[in-house]
Amino acid sequence: FALQSVVDHLDEIHAAGGGIGTSNARTPSRQGYEATKGLIGVEAFMLDFPVVPFPTSLVFSKRVMKSYQLIFRHLFFAKHVERRLVGIWLDHQLLREFPTYCLRQRMLHFLQNLVYFMMFEVIQPNWLKMETTISAFVAEACEQENKQSKTLDDILDVHNEFLRSTLKQCLLTNRDLIRTLTKLMTTCLLFSDQMKRFIEKTGLDEDKAAIATCRRRNQRSFEEDDSPRRRKSLRSSLKASKKQRDERLAQQTNRVEREVSSDSYRRMIARFGDVFNSNLKEFMDQLVSDSINKDHMHLANLCTRLDYNGYLSRSIQY
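Residues numbered from 1 in each chain as written. Predicted model: local features only at pLDDT ≥ 70, side-chain atom pairs only at ≥ 80, totals over all residues. Heavy atoms only, no water.

Asker: Sorry if this is basic, but what is going on with the overall build of the chain here?
Answerer: Within the chain one finds 12 helices and zero strands. In sequence order, the secondary structure elements of the chain are arranged as α-α-α-α-α-α-α-α-α-α-α-α. Relative to its 318 residues, the chain shows a buried fraction of 38%. Summed over all atoms, the accessible surface of the chain reaches about 19000 Å², with 53% contributed by carbon and sulfur. (Helix = DSSP H or I, 4+ residues; strand = E, 2+ residues; numbered from the N terminus. Buried < 20%, exposed > 50% of the residue type's maximum accessible area, 1.4 Å probe, protein only. Areas by Shrake-Rupley, 256 points an atom, 1.4 Å probe, with all protein chains shown as cover.)

Now the structure itself:
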């Protein structure tokens, strides 16, 4: 487990550049939200290779391992936030409150496209490119008529170029973009936590489980007993159970409607929507600006994936 978050790790790397590593830090976790008492398991979990034997150590140096750890932790956290939003989607099948449903769907759309971009448009193509280049080096070295074969340094250069390109295209070398992106993912995570607490408060998950258990038990009893008299008795009990389930569902619906109609709930959803829109607008502004001014094609590709039909730009009015 790591002793510092990804943002703190990047703080140290960029500290020499000024600003982000100073005492008046501008990192998302300290700028947009109150600092937590410590890292949770998802934030601290990372891959490590403490003792690298020779000659593997020629390739996996400490600098290379730090690069792999940054990529893994960044992708792992993004995937964790995506899974949390998917869990909220399951809970929302009971809720179906339109503003909340739309906000969660917009968050999920952003995270899913971000994760897809990093995995299948950055990491996988870069890895295949590295494999192809190294295979070509090996084939060239095996040719007897070849006068000058590639050395280990050439292989290391290819591997280092893979890491450099992957870090850059995953936004880990752009401290402004990664800062805004972390704020976005933190907002989505806080929203998931708040919705989970709301579901637990209203007892939606418990009611759902109780209704499903009662329905399965009655259905199993009906299928297992072949006696006509017993079946008639079971039909009566099934009707009574159905009536109880309907009453419970009606009570659940009234309880949920009362909660989602309260001013506190509406203010909470509106606040999350405003913060998400603000962070998303900032992120897209930086993304578009860097893709145009710095001629970074990978940023243009991410812009296209996130806003392929123009809906995102219209919804946040950036």
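Asker: Please clarify how the packing of helix α5 (residues 98–142) against helix α7 (residues 175–202) should be interpreted in this entry.
Answerer: Geometry of a packed helix pair, given as the angle between the helix axes and the separation of the axes. Packing of α5 against α7 brings their axes to within 11 Å, and their N-to-C directions diverge by 135 degrees. As summarised for this structure, α5 and α7 are arranged oblique, according to the angle between their axes. With respect to the hand of their crossing, α5 and α7 are arranged in left-handed fashion. In this structure, α5 uses Thr-100, Leu-103, Arg-104, Met-107, Phe-110, Leu-111 and Leu-114 to contact α7, whose residues at the interface are Leu-181, Leu-184, Met-185, Thr-187, Cys-188, Phe-191 and Met-195. Tallied by class, residues from the contact of α5 with α7 come to 11 nonpolar, two polar and one charged. (Axes fitted to C-alpha atoms, helices over the stretch in contact; angles between N-to-C directions. Parallel < 35°, antiparallel > 145°, perpendicular 65-115°, else oblique. Left-handed = near helix turned anticlockwise from the far one by under 90°. Contact = heavy atoms within 4.5 Å. Nonpolar A, V, L, I, M, F, W, Y, C, P; charged D, E, K, R; others polar.)

Asker: Any chance you could explain the nonpolar core here in plain terms?
Answerer: Inside soluble globular proteins, nonpolar side chains tend to come together where they are buried. Judged by nonpolar contacts, the single largest core of 56 residues is most densely connected at Phe-110, Phe-283 and Leu-287. Mapped by element, the contributors of at least two residues to this core are α4 (62–95), α5, α6 (152–169), α7, α9 (228–260), α10 (263–293), α11 (297–306) and α12 (311–316). With 12 residues, α5 is the single largest residue contributor to this core. Apart from residues no more than four positions distant in its own chain, Phe-283 is found in contact with Phe-110, Leu-171, Leu-177, Thr-180, Leu-181, Leu-184, Leu-302 and Leu-306. (Core = buried A, V, L, I, M, F, W, Y, C linked by side-chain atoms within 4.5 Å.)

Asker: Looking at this structure, how should I read the pattern of salt bridges?
Answerer: Side-chain pairs of opposite charge can arise where the charged atoms are in close proximity. Evaluation of the coordinates by the stated rule reveals seven salt bridges. One salt bridge connects Glu-282 with Lys-183, and the closest N-O pair in it is separated by 3.4 Å. In this pair, Glu-282 is assigned in helix α10 and Lys-183 in helix α7, connecting sequence segments 99 residues apart. (Salt bridge = Lys/Arg side-chain N within 4 Å of Asp/Glu carboxyl O.)

Asker: I would appreciate a short explanation of the packing of aromatic side chains in the present structure.
Answerer: Two aromatic rings, taken as a pair, are described by how far apart their centres are and by the angle between their planes. Going through the model one piece at a time under the given rule, you end up with seven aromatic pairs. Look at Phe-72 and Phe-76: their rings are 5.4 Å apart centre to centre, the planes differ by 20 degrees, and that puts the pair in the stacked class. Of the two residues, Phe-72 and Phe-76 both sit in helix α4, four residues apart, roughly one turn of that helix. Judged by its relative accessible area of 21%, Phe-72 is partly exposed. Judged by centre distance (5.0 Å) and plane angle (40 degrees), the rings of Tyr-116 and Phe-120 are tilted. (Phe/Tyr/Trp six-rings, centres within 6.5 Å; stacked < 30°, edge-to-face > 60°.)

Asker: Can you help me understand the side chain of Asn-174 in this one?
Answerer: Here Asn-174 shows up in the loop between α6 and α7. Among the residues examined, Asn-174 registers a relative accessible area of 14% and is labelled buried. Within the structure, Asn-174 has its side chain in polar contact with the backbone nitrogen of Leu-177 (distance 3.2 Å). Other than its neighbours up to four places away in sequence, Asn-174 contacts Asp-290 and Lys-294. (Polar contact = N/O pair within 3.5 Å; in protein donor to acceptor, adjacent residues only side chain to side chain.)

Asker: How should I be thinking about unusual backbone geometry in this particular structure?
Answerer: Across residues other than glycine, the phi torsion is negative in most instances, and most of the peptide bonds are trans. Between Phe-54 and the following residue, Pro-55, the backbone shows a cis peptide bond with an omega angle of 10 degrees. Within the secondary structure, Pro-55 is located in the loop between α3 (41–44) and α4. Positioned with a positive phi, Leu-171 is a non-glycine residue whose angle comes to about 75 degrees. By secondary structure assignment, the location of Leu-171 is in the loop between α6 and α7.

Asker: Just checking my understanding: could you explain the packing of α5 against α11 for this structure?
Answerer: Where α5 meets α11, the axes come as close as 10 Å, and the angle between the chain directions of the two elements is 140 degrees. Considered as vectors, α5 and α11 are oriented oblique to each other. Between α5 and α11 the crossing geometry is right-handed. Residues His-109, Phe-110, Asn-113, Leu-114, Tyr-116, Phe-117 and Glu-121 of α5 touch α11, and the partners they reach there are His-298, Asn-301, Leu-302, Arg-305 and Leu-306. Considering only residue class, the contact of α5 with α11 consists of six nonpolar, four polar and two charged.

Asker: Honestly, the environment of Phe-276 in this entry has me stumped. Any pointers?
Answerer: Locating Phe-276 in the fold gives a position in helix α10. Expressed as a C-alpha distance, the spacing of Phe-276 and Leu-103, which sit 173 residues apart in the sequence, is 8.8 Å. Sequence-distant contacts of Phe-276, that is, excluding residues within four places in its chain, are made with Leu-103, Arg-106, Met-107, Leu-184, Thr-187 and Cys-188.

Function-wise, these values are silent; they only describe arrangement.
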